[in-house]
Amino acid sequence: MSDATQTTITAEFEITSWDQTPYDEGAEGAELGRATVRKAFTGPLTGTSVAELLLCGSGEDGRGYVASEKVTGTLDGRTGTFVLQHGAVQGPDNDGRTFGHVVPGSGTGELAGLRGDAVYRHDETGARLTLTYAL
């Protein structure tokens, strides 16, 4: 995203529920799963989200996921909803690649027109979303 009026925020989040089921069970190859994940955000983004994830793998050989996540809340004082699409892959050497974007046209209310990039991080300091956005 290239825009001179970009803002970057970092919000902490907590996963409040994770409901996962396998699919394509018994087939040869990597484990495949589907999960509904709910989160609560605090900081410059306050609110909740629900995401549908497709998961591949679960072990040391590698894993990945793709997700569509609807966020409902307040971003820097503006209220509405928007959708993030994000994902990651990670190999056996912990070499990972991630992506995340606001889906264009998905913003509602005071977040209509929202566009941007999203990065999720989980480490020893906690779970957080960094969102670089423009309205």
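Thresholds applied
Residues numbered from 1 in each chain as written. Predicted model: local features only at pLDDT ≥ 70, side-chain atom pairs only at ≥ 80, totals over all residues. Heavy atoms only, no water. Pairing = 2+ DSSP bridges. Helix = DSSP H or I, 4+ residues; strand = E, 2+ residues; numbered from the N terminus. Patch = residues over 30% accessible without salt bridge, like charges linked within 9 Å, V, L, I, M, F, W, Y side chains within 5 Å. Areas by Shrake-Rupley, 256 points an atom, 1.4 Å probe, with all protein chains shown as cover. Salt bridge = Lys/Arg side-chain N within 4 Å of Asp/Glu carboxyl O. Buried < 20%, exposed > 50% of the residue type's maximum accessible area, 1.4 Å probe, protein only.

Enquirer: Sorry if this is basic, but what is going on with the pairing of strand β6 (residues 96-102) here?
Expert: Looking down a regular strand, the side chains alternate between one sheet face and the other. Two elements, strand β5 (residues 78-90) and β6, share seven bridges in a ladder whose sense is antiparallel. Each bridged residue has a counterpart across the sheet, and for Gln-85 the counterpart in β6 is His-101. Two successive antiparallel strands, β5 and β6, enclose a turn made up of five residues, where Asn-94 displays a positive phi of approximately 60°.

Enquirer: Would you explain a nonpolar patch on the surface in this entry?
Expert: Taken together, the side chains of Leu-54, Val-66 and Phe-99 define a hydrophobic patch exposed on the protein surface, amounting to about 240 Å² of accessible area. Inspection of the secondary structure puts Leu-54 in strand β3 (residues 45-59).

Enquirer: Explain unusual backbone geometry here, please?
Expert: Note: most residues except glycine have negative phi, and most peptide bonds are trans. Positive phi, normally seen in glycine, also occurs at Asp-76, with a value near 50°. Examined against the element boundaries, Asp-76 turns out to sit in the loop between β4 (62-75) and β5. Residue class for Asp-76 comes out partly exposed when judged on its relative accessible area of 37%.

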